[in-house]
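Structural overview
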Amino acid sequence: MNYTLIDGKSFAEKLVMKVANAVNVLNTKHHIKPGLAVVLVGQNPASEVYVKNKVRQTKNSGMNSVEHRLPDTTSESDLLSLVNKLNEDDEIDGILVQLPLPDHINENSIINAIKPSKDVDGFSIPNVGLLSTSVSGLIPCTPLGCLLLLKSYVGELSGKSAVIIGRSNIVGKPMAQLLLNENCTVTIAHSKTKNIEAVCKGADILVAAVGRPNFVKSEWVKKGAVVIDVGINRLPPEGDIKGRLVGDVDFNSVSNVASAITPVPGGVGPMTIACLLRNTVTAACKRRNFNEPEM
Ligand code: NAP
């Protein structure tokens, strides 16, 4: 079957340009420059890369970027004090605390200390509640990126059967909620799901957010399904060659049956950062009751 490669990289580049235009409009019309604060605790190498990319792209889109790098010995109360300071800082529209945090810090306490209006990751309980009651709040960036790709490549989602593999708070559950809000018939599969192959085979839209390399095989996928691969897994290095990044979907086999599929890298990953920038502009407008420029 001929498949369409869902080019998240190029979609994200266009979205970042729209965000930059929106920032320009806000600057010209209202003399404001949205600001994003990113907080990194400790030295997790993957987090370092994510934070570096987020800071670079925030600056490139014309926003203010503020970076706080704290040692891994930082106490929960010191981190809470910083979050509270950023909550009160009028120059800051979005606060992102990079996860995972060191074990001695309770992630839920930190996430829920962020003012919901500045919670650009959309992980706090008020934003989760808004999403599950179909009211517009700040939506988690990765599922939002997947939804924008699906709307662009599939069009009308209403009535489609969607299966999401994974039920994490940051990807699986909000993805399911977003697709339910689009009137899909949604199933969430997880590690206790029986006969997962058959469950997946019923999907018009299959989203994999598992964290297991090449987990989804072609026999699990209905002919013509649209497949979104959220997974980012690094294979072990071979000799001197650094391990490759692969998704949760066995791209080589699944691309023979899917009608459209995201690659890894270059699929969902770039959309996550683009949506973070978009959420920061959304937060800047909502907080001031401004109409949001088109993005
Ligand atoms: P997570 O919190 O570890 O959740 C993984 C989910 O997969 C869990 O719900 C788990 O089920 C389910 N699972 C694990 N093994 C399974 C199995 N054998 N069969 C069925 N379900 C199984 O992971 P996450 O944070 O959602 O991330 C998932 C993947 O997406 C990772 O590769 C991560 O790196 C990637 N990711 C990418 C981006 C991006 O920007 N592209 C952003 C975030 C995450 P249980 O709940 O039953 O344990």
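Further up the page is the structure itself.
In short, a report on the structure. (Residues numbered from 1 in each chain as written. Predicted model: local features only at pLDDT ≥ 70, side-chain atom pairs only at ≥ 80, totals over all residues. Heavy atoms only, no water.)

Scanning the chain for helices and strands turns up ten helices and eleven strands. A compact globule built from 295 residues would reach a C-alpha radius of gyration of about 19 Å, and the chain, at 19 Å, matches this within 12%. For the chain, the spread of C-alpha atoms along the principal axes amounts to about 50 × 45 × 35 Å. Taking all 295 residues of the chain together, the buried fraction comes to 47%. (Helix = DSSP H or I, 4+ residues; strand = E, 2+ residues; numbered from the N terminus. Rg over C-alpha atoms; globule rule 2.2 N^0.38 Å. Buried < 20%, exposed > 50% of the residue type's maximum accessible area, 1.4 Å probe, protein only.)

Glancing now at the side chain of Thr142. When you line up the elements, Thr142 lands in helix α6 (residues 141-154). Given the relative accessible area of 16%, Thr142 is considered buried. In contact with Thr142, other than residues within four places in its own chain, are Val171, Val230, Val268 and Thr272. (Contact = heavy atoms within 4.5 Å.)

In this section: the pairing of strand β6 (residues 185-189). Bridging between strand β5 (residues 161-165) and β6 involves five bridges; their strand directions are parallel. Along β6, the bridge assignment pairs Val163 with Thr187. Note on the crossover from β5 through helix α7 (residues 172-181) to β6: the handedness is right-handed. (Pairing = 2+ DSSP bridges. Right-handed = clockwise from strand over helix to strand, strands pointing away.)

Another aspect to go through is the packing of aromatic side chains. Counted according to the given criterion, the structure contains two aromatic pairs. When the ring of Tyr3 is compared with that of Phe251, the centres are 5.8 Å apart and the planes differ by 85°; the resulting orientation is edge-to-face. In this pair, Tyr3 is assigned in the segment before β1 (4-5) and Phe251 in helix α9 (residues 251-254), connecting sequence segments 248 residues apart. With a relative accessible area of 35%, Tyr3 lands in the partly exposed category. Between the aromatic rings of Phe215 and Trp220, the centroid separation amounts to 5.2 Å while the plane-to-plane angle is 75°, which identifies the pairing as edge-to-face. (Phe/Tyr/Trp six-rings, centres within 6.5 Å; stacked < 30°, edge-to-face > 60°.)

Attention now goes to the pattern of salt bridges. Where charged atoms of side chains with opposite charge meet at close range, the side chains can pair. As enumerated under the stated definition, the model contains eight salt bridges in all. The partner of Glu67 in a salt bridge is Arg69, with the nearest N and O atoms 2.8 Å apart. Residue classification places Arg69 among the partly exposed residues on the basis of a relative accessible area of 43%. We note a salt bridge from Lys151 to Glu182, for which the minimum N-O separation is 3.2 Å. You can see Lys151 sitting in helix α6 and its partner Glu182 sitting in the loop between α7 and β6, a full 31 residues away along the chain. Looking at Glu182, the relative accessible area reads 21%, which means it is partly exposed. Where salt bridges share partners, they join Asp90, Asp93, Arg287 and Arg288 into one cluster. (Salt bridge = Lys/Arg side-chain N within 4 Å of Asp/Glu carboxyl O.)

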